Amino acid sequence: MNRGYHAVLIDLDGTMVDTAPDIVAAATLMLKDFGAAPLPFDTVTGFIGNGVRRLVRRSLDAAAVGGHVQLEHAQAVFERHYEATNATLGRVFPGVMAGLRALRQHGYRCACVTNKPQALAAALLEKTGLAAHLDALVAGDTVASMKPSPESLWHACRLLGVEPERCVLVGDSSVDVAAARAAGLPAFIVSYGYGCTSRADMPRGDALIDSFEALPAILAQARPDLDANESVDASA
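Keep in mind that this is a model prediction, so the values were computed, not measured. Residue numbers restart at each chain and count upward from 1, following the sequence in its written direction. The predicted origin of the model limits local features to residues at a pLDDT of at least 70 and limits the giving and counting of side-chain atom pairs to 80 or more, whereas totals for whole chains, interfaces and linings rest on all residues. Side-chain metrics rest on all non-hydrogen atoms present in the structure, leaving aside hydrogens and water.

A. Spatial organisation of the overall build of the protein chain. The helix and strand tally for the protein chain stands at 9 helices and 8 strands. Note on classification: 1.4 Å probe, protein chains only; a residue is buried when its accessible area is under 20% of the maximum for its type, exposed when over 50%, partly exposed between these limits. Buried residues in the protein chain amount to 54% of all 236 residues. Residue contacts are defined here by distance: any two heavy atoms, one from each residue, within 4.5 Å place the two residues in contact. Excluding contacts between residues fewer than 6 apart, the proportion of contacts in the protein chain whose partners are at least 24 apart in sequence is 69%. Accessible surface computed for the protein chain: about 10,300 Å², of which carbon and sulfur atoms make up 51%. Helix and strand assignments come from DSSP, with helices taken as H or I runs of at least 4 residues and strands as E runs of at least 2, each series counted from the N terminus. Values of accessible area rely on a 1.4 Å probe in the Shrake-Rupley scheme; residue burial ignores everything except the protein chains shown.

Here's what the structure looks like:
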C-alpha cells in the first residue's frame, strides 16, 4: 500500500558527498605512520559504510599490519589524519544541493543518518554547505547501534517529529537497505554510490535514482493516499 511521506533520511558517504578521496588520503597517511604501503583507492573505498572502526581494521588487515598495531591506537591515528583531509578533496555529488532545496521547498523534513562519527560528519556537512539544508544529524556515535541497526533511523524520525511510516531512507549500500528494512522504511538507492561496482550488483532497494533532483517527483508518485487538502508541513 502506498503511503504519504513527510521526511527523508539520507546517508552521507557515497550518497550526498564523494568522500572517498578524503578517506583514502587519511588511510594512506595512517598506514604510512605504521610503515605500510598505500592500498589501492578502490580497496579502501570498498571499506566505506560500516563505520570508522571497521574501515581502520580492514585497512590494517589488507596492508598486513593488523596483527602488529592496536586497533584503538590506529583508529585515533586515522581520525587525526581524517580531521585534516575531511572535505578537502571530496565533493558534493551533482544534483544533491538542488535536490535538497527542492525537497525543502516541497515541505519535506530532511535528516542525515550516517555511520560516520558525529564530529567528522558535522564538520563535513558544515564545510560542504549541506548542513543548511538538513534538519537533523544522527551519526555513528549518536545512539548505541549504527546502521544496519534500525536504531539510528528511528532516532532520526523522533528528532524530526515524524512517524517511521512517513519516512524514506536514501542511501547507496546494502547496509542502508538492511537498516531501512529493519526500521520499516522504504530504501531508495542512488546509482552512483560506493555500494556496488556496476548496476548489476546494485543493492535491492525500493527505487533506484540517478540524481537527488528526481526525489520530489518519486515521492509525489508514492503519495496517492494523501487527502487532496492535506499538505506536508516542514515545521511539523
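B. Representation of helix H6 (residues 118-128). Within H6, burial applies to Leu120, Ala121, Leu124, Leu125 and Thr128. Projected down its long axis, H6 carries its buried residues within an arc of 130 degrees, all on one side. Every exposed residue of H6 that faces more than 90 degrees away from the buried side is listed here: Ala119 and Glu126. Contact partners of the buried residues in H6: strand S2 (17-18), helix H4 (71-85), strand S3 (91-92), helix H5 (96-105), strand S4 (109-113) and strand S5 (136-138). Directions pointing from the helix axis toward each C-beta atom define the arc.

C. Layout of helix H8 (residues 174-183). Taken together, the buried positions of H8 are Val175, Asp176, Val177, Ala179, Ala180 and Ala183. Next to the buried residues of H8 lie helix H7 (151-160), strand S6 (167-171) and strand S7 (187-190). The N-cap residue of H8 is Ser173: its side-chain oxygen and the backbone nitrogen of Val175 are 3.3 Å apart. Downstream of H8 by one or two residues, Gly184 has phi in the positive range, about 80 degrees. In protein, a polar contact requires one atom able to donate a hydrogen and another able to accept it; more generally it is a pair of N or O atoms within 3.5 Å, and residues adjacent in sequence count only if both atoms are side-chain atoms.

D. Looking closely at the packing of aromatic side chains. Aromatic pairs are defined between Phe, Tyr and Trp rings, using the six-membered ring for Trp, whenever the two ring centres lie within 6.5 Å; interplanar angles under 30 degrees are classed as stacked, those over 60 as edge-to-face, and all others as tilted. Tallied over the full model, the rule gives 2 aromatic pairs. An angle of 35 degrees between the planes, with centres 5.7 Å apart, marks the rings of Phe78 and Tyr82 as tilted. Of the two residues, Phe78 and Tyr82 both sit in helix H4, 4 residues apart, roughly one turn of that helix. Neither Phe78 nor Tyr82 differs from the other in exposure class; each is buried. Between the aromatic rings of Phe93 and Tyr192, the centroid separation amounts to 4.5 Å while the plane-to-plane angle is 45 degrees, which identifies the pairing as tilted. Of this pair, Phe93 sits in the loop between S3 and H5 while Tyr192 is found in the loop between S7 and strand S8 (207-209), placing the two residues 99 residues apart along the sequence. Among the residues examined, Phe93 registers a relative accessible area of 12% and is labelled buried. For Tyr192, a relative accessible area of 22% translates into the label partly exposed.

E. Molecular detail of unusual backbone geometry. Cis geometry marks the peptide bond from Lys147 to Pro148, where omega comes out at 15 degrees. With respect to the helices and strands, Pro148 occurs in the loop between S5 and H7. The residue Ala64 is not glycine, and still its phi comes out positive at about 60 degrees. Residue placement: Ala64 occurs in the loop between helix H3 (52-62) and H4. For Ala64, a relative accessible area of 58% corresponds to the exposed category.

Any functional reading would require information beyond the geometric quantities listed.
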